[in-house]
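A look at the structure
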Amino acid sequence: MEYQTGETSSLTFICAVVVIIFRSELKTRFDSTARFRRVGLRRFFRVPIEELVYDWNTIEPDFPPPGRHIGFDDETLRDGLQSPSVSEPQVEEKIELLHLMNALAIDTADIGLPGAGGTHAAGVERLAREIAEQKLSPDVIRALYTVAIRCGAKAVCVCDTVGHSTPDGARAVVRFVKSIIEEQGGNIRLDWHGHQDRGLGVINSIAAIQGGADQVHGSALGIGERVGNTPLDQLLVNLKLMEWIDNDLSRLGEYCQIAARICKWTIPYNYPVFGRDAFRTATGVHAAAVIKSYKKGDQHLADIIYSGVPAGAFGLEQVIEVGPMSGRSNVIYWLEKRGFEPNEERVNRIFERAKGATCVLEESEIMELL
Ligand SMILES: [Zn+2]
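Basis of the calculations
- Residues numbered from 1 in each chain as written.
- Predicted model: local features only at pLDDT ≥ 70, side-chain atom pairs only at ≥ 80, totals over all residues.
- Helix = DSSP H or I, 4+ residues; strand = E, 2+ residues; numbered from the N terminus.
- Buried ≥ 20, exposed ≤ 12 C-beta atoms within 10 Å, placed from the backbone.
- Contact = placed C-beta atoms within 7 Å.
- pLDDT = per-residue confidence, 0-100.
- Core = buried A, V, L, I, M, F, W, Y, C linked by C-beta atoms within 7 Å.
- Domains from an automatic or database assignment.
- Axes fitted to C-alpha atoms, helices over the stretch in contact; angles between N-to-C directions.
- Parallel < 35°, antiparallel > 145°, perpendicular 65-115°, else oblique.
- Left-handed = near helix turned anticlockwise from the far one by under 90°.
- Pairing = 2+ DSSP bridges.
- Right-handed = clockwise from strand over helix to strand, strands pointing away.
- Expected span 1.5 Å × (residues − 1).

1. Quick word on the overall build of the protein
Along its length, the protein carries 12 helices and 10 strands. For the protein, with 370 residues in total, the buried portion stands at 39%. Excluding contacts between residues fewer than 6 apart, the proportion of contacts in the protein whose partners are at least 24 apart in sequence is 73%.

Next up, the structure:
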């Protein structure tokens, strides 16, 4: 079970709160190592992408792949449910989400069961709680982790409970704790648990992995207390695009939709990758490029020509709409996609309506003009 001692304290100046995790029967574990393969994202590419795009992301890489398995701990059903705006899902619904976590090769899931871990564990918890009341200087961190390791902890977690950390801070504190683990003989899992208060959840997790974290925590859509936890979905997307992991993420869109539905949560329209508008365009020049790629039969080019994220890799697709900034090609594509003949009269009628509109046309509005 996990002792999130810092979660209830208000530690304005503390950058990292220490949490001790013991390997527990209560944690659902999914072994994903057998499914872990180092096959790059390049297999999605049908054209040599370097010929089409000059990728500044790769020019001075300060984030080389760590070359080891990165674990993920899903906090949706524990930290996530501490959000004041979500509902407690039914048990069957939680199981549904657990199956999707399994499909995404997420390593462990915190299923939120309370539990006592015997007097030994309770002693460590009390110690951690006490120390969490103080500023965590290197000396205090060293003392705490050394005690935890000597008490038999199988895993330790550095927890930025109040979301204060920057990427530099996350990397530094994780690197420091890693050195303590090594001093004590190693073989103890090191976790990073981040929050979104400064909007740095994803980049902090990446920096923590760089600093030596074996496993990182996050929740579906970043739900959690205050502004939430590290959004696990966004973290998975980025690590996949950085080629640090090779989890099959083709059901990640479904995972987000189900998490939102069972927790009665609304995904913002502009939420990265999984928001309604993430791959939706009505702009003529954008749509024309996407349509041209589809016509060439190049699904992947269509996915990346006007998007930093290839929708197809995450179970999603580009959506072409018709609005005041659209060209005729939007209208033609819209009609063809739905099996309607794009004759000139029909296209003109819809195009004129769009040009006079103040926003993107609803599907029903276009249907009336057919
Ligand atoms: Zn937390």
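That was the structure; now back to the text.
2. Description of the confidence of the model for the protein
Confidence along the protein averages 81 in pLDDT terms, with 79% of residues attaining 70 or more. For residues 1–45, every residue scores under 50 in pLDDT, and the model assigns this stretch 107 contacts once sequence neighbours within four places are set aside. The low-confidence segment residues 113–131 (pLDDT under 50) makes 25 contacts with residues lying over four places distant or belonging to another chain.

3. Here we look at the nonpolar core
In terms of nonpolar packing, the biggest core is built from 59 residues, with Val156, Val174 and Val177 touching the most fellow members. Elements supplying a minimum of two residues to this core: α1 (91–103), α3 (138–150), β6 (155–159), α4 (167–183), β7 (189–193), α5 (201–211), α6 (232–241) and α7 (252–262). Per-element tally for this core: the top contributor is α4, with 6 residues. Here this core spans two domains, and each of domain 1 (71–262) and domain 2 (279–370) adds at least three residues to it. Not counting the four nearest positions on each side in its chain, Val177 is found in contact with Ile141, Tyr145, Val156, Val158 and Leu190. Counting residues in each nonpolar core, the second largest holds 17 residues, with Ala282, Ala287, Tyr333 and Ile366 among its members.

4. Re the packing of α3 against α4
For the pair α3 and α4, interaxial distance at closest approach is 10 Å and the crossing angle is 45°. Taken together, the axis directions place α3 and α4 in an arrangement best described as oblique. Considering only the axes of α3 and α4, their crossing is right-handed. The segment α3 lies against α4, with Pro138, Ile141, Arg142, Tyr145, Thr146 and Ile149 engaging Phe176, Val177, Ile180 and Ile181.

5. A few points about the pairing of β7
Judged by how many residues are buried, β7 sits mostly within the fold: 4 of 5 residues are covered. Bridging between β6 and β7 involves 5 bridges; their strand directions are parallel. Paired with Cys159 across the bridge in β7 is His193. Following the backbone out of β6, through α4 and into the adjacent parallel β7, one traces a crossover that is right-handed. Summarising the sheet, β7 and strand β8 (residues 215–218) pair through 3 bridges and their orientation is parallel. For Trp192, the partnering residue across the bridge sits in β8 and is Val216. Read from β7 through α5 to β8, the crossover connection turns out right-handed.

6. Some points on the environment of Tyr333
Mapped onto the secondary structure, Tyr333 falls in helix α10 (residues 328–337). A tally of 22 C-beta atoms within 10 Å means that Tyr333 is categorised as buried. Along the backbone, Tyr333 and Ile320 are 13 residues apart, and their C-alpha atoms lie at a distance of 7.6 Å. Aside from chain neighbours lying at most four places away, what touches Tyr333 is Ala287, Ile291 and Ile320.

7. As for the packing of α5 against α6
For any two helices packed against each other, the geometry is given by the interaxial angle and the distance between the axes. Between α5 and α6, whose axes approach to 9 Å, the crossing angle comes to 55°. Considering the angle they form, α5 stands oblique to α6. Judged by the sense of rotation from one axis to the other, the crossing of α5 with α6 is right-handed. Here Val202, Ser205 and Ile206 of α5 lie close against α6, whose contacting residues are Gln234, Leu235 and Asn238.

8. Section: α4
With 17 residues, α4 should cover 24 Å at 1.5 Å per step; its first-to-last C-alpha distance of 24 Å lies within 8% of that length. Among the residues making up α4, those that are buried are Ala170, Arg171, Val173, Val174, Val177, Ile180 and Ile181. Lining the buried residues of α4 we find α3, β6, β7 and α5. Positive phi shows up at Gly185, right after α4, with a value of about 105°.

9. Let's talk about unusual backbone geometry
A positive phi angle, near 60°, is found at Leu221, a position not held by glycine. Mapped onto the elements of the fold, Leu221 is located in the loop between β8 and α6. Look at Leu221 and you get buried, because 29 C-beta atoms sit within 10 Å. With phi around 60°, Glu243 is a residue other than glycine that occupies positive phi space.

10. Some thoughts on the environment of Ile141
On the secondary structure map, Ile141 appears in helix α3. Classification of Ile141 by C-beta neighbours within 10 Å gives partly exposed; the count is 18.

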